[in-house]
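Here are the chains, one letter per residue:
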Amino acid sequence: MEPPIVYYPRSEYIETDTGNKVSRKSVICGSQNIILGGKTIIQTDCVIRGDLRRTGGGHAVVVAIGRYCLLAKGSIIRPPYKTYKGYYPMKIGDHVTIGEGSIVEAATIGSFVHIGKNCVIGRFAIIKDCCRIEDNTVIPPNTVVPSFSIYEGSPGMFVDELPECVQDLYEAKTKDYYSKFQSKDS
């Protein structure tokens, strides 16, 4: 089934030179500490906390987001925190979809990952490549989600495996969504 074309008002989004589309109604704190890989969509009411970083001088990357990622409405991305050490950087791979209302405090999210709506990804969780986290799932802190797995429930548990072709499917899905996310006046 073909996904429909999603139209957005051009005045509500900022488009960067690398094709990132960032909603003006999202909250981006510490933008100098956030790297977007290109062709990433950050929708309305998203919060990315790039201001949460280790103390000390210098310029540090706090949140790195890969290419063709989608942060759906109301999702929150904040780096994990450890007492006395401060905040640790977070890396999100390519072709990652984070669903509406999800809260992510993972250390690493691999490439080709789908996180459903209203999920909570605990501090320092590691989600490997080619995974799916179902809607309303809570992944506990320090959990490692292996490649090609489906997690569901509260707490999130392994429920099934994904086929090896999932990488191609997620890549096609994210590229298709990006190409169909168009401004009304273009």
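Note: the structure precedes this text.
Predicted model, so just to flag it, every value in this text is computed and none were measured.

**Focus: the overall build of the chain**
Summing up its helical and strand segments, the chain has one helix and 25 strands in all. The C-alpha atoms of the chain give 16 Å as radius of gyration, which agrees with the globular expectation for 186 residues (16 Å, within 12%). Structurally, the chain occupies a C-alpha span of about 50 × 45 × 25 Å along its principal axes. Contacts in the chain between residues at least 24 apart in sequence constitute 39% of all its contacts with a sequence separation of at least 6. Entry remark: accessible area of the chain is about 9500 Å², with carbon and sulfur atoms responsible for 52%. For the chain, the separation between the mean place of its 22 positive charges and that of its 20 negative charges on side chains is 8 Å.

**Overview of the nonpolar core**
Within the largest apolar cluster, 29 residues are counted, with the highest numbers of intra-cluster contacts made by Ile77, Ile92, Ile109, Ile115, Ile121, Ile127 and Ile133. Broken down by secondary-structure element, the contributors of at least two residues to this core are strand E8 (63–67), strand E13 (90–92), strand E17 (113–115) and strand E20 (131–133). Within the second largest apolar cluster, seven residues are counted, among which are Tyr8, Leu70, Tyr178 and Phe181.

**Overview of the sheet that holds strand E9 (residues 70–71)**
Strand order in the open sheet formed by nine strands is E2-E3-E6-E9-E14-E17-E20-E23-E24, with mixed pairing between adjacent strands. Every interior strand has two partners, whereas the edge strands, strand E2 (13–15) and strand E24 (157–161), have only one. Relative to E9, strand E6 (residues 41–42) runs parallel, the two being bridged by two bridges. Pairing of Ile41 across the sheet is with Leu70, part of E9. Of the strands in this sheet, E2, strand E3 (21–23), E6, E9, strand E14 (97–98), E17 and E20 touch helix H1 (residues 166–179), which is tilted by about 65° from E17.

**Structural notes on the environment of Lys175**
When you line up the elements, Lys175 lands in helix H1. Along the backbone, Lys175 and Asp129 are 46 residues apart, and their C-alpha atoms lie at a distance of 17 Å. Residues within four places of Lys175 in sequence aside, it is in contact with Tyr68 and His95.

**Some remarks on the pattern of salt bridges**
For the structure shown, the criterion picks out six salt bridges. A salt bridge links Glu12 to Lys25, with the nearest nitrogen and oxygen atoms 3.6 Å apart. Of this pair, Glu12 sits in the loop between strand E1 (6–8) and E2 while Lys25 sits in the loop between E3 and strand E4 (27–29), placing them 13 residues apart in sequence. Glu12 gets classed as partly exposed once you look at its relative accessible area, which sits at 24%. Here Lys25 falls in the partly exposed class, since its relative accessible area comes to 48%. A salt bridge links Lys180 to Asp176; the nearest nitrogen and oxygen atoms lie 3.7 Å apart. Accessibility expressed as a relative area gives 21% for Asp176, which makes it partly exposed.

**Considering the state of the cysteines**
Counted according to the given criterion, the structure contains zero disulfides. Its sulfur unpaired, Cys131 is 7.2 Å from the next cysteine sulfur, which belongs to Cys130. Look at Cys131 and you get buried, because its relative accessible area is 0%. Residue Cys165 stays outside any disulfide, its sulfur separated by 9.8 Å from that of Cys130, the closest cysteine. Cys165 gets classed as partly exposed once you look at its relative accessible area, which sits at 38%.

The rules behind these values
Residues numbered from 1 in each chain as written. Predicted model: local features only at pLDDT ≥ 70, side-chain atom pairs only at ≥ 80, totals over all residues. Heavy atoms only, no water. Helix = DSSP H or I, 4+ residues; strand = E, 2+ residues; numbered from the N terminus. Rg over C-alpha atoms; globule rule 2.2 N^0.38 Å. Contact = heavy atoms within 4.5 Å. Areas by Shrake-Rupley, 256 points an atom, 1.4 Å probe, with all protein chains shown as cover. Lys, Arg positive; Asp, Glu negative; His and termini not counted. Charge placed at Lys NZ, Arg CZ, Asp CG, Glu CD. Core = buried A, V, L, I, M, F, W, Y, C linked by side-chain atoms within 4.5 Å. Buried < 20%, exposed > 50% of the residue type's maximum accessible area, 1.4 Å probe, protein only. Pairing = 2+ DSSP bridges. Axes fitted to C-alpha atoms, helices over the stretch in contact; angles between N-to-C directions. Salt bridge = Lys/Arg side-chain N within 4 Å of Asp/Glu carboxyl O. Disulfide = S-S within 2.5 Å.

Take it as geometry only, folks, not as evidence of what the structure does.
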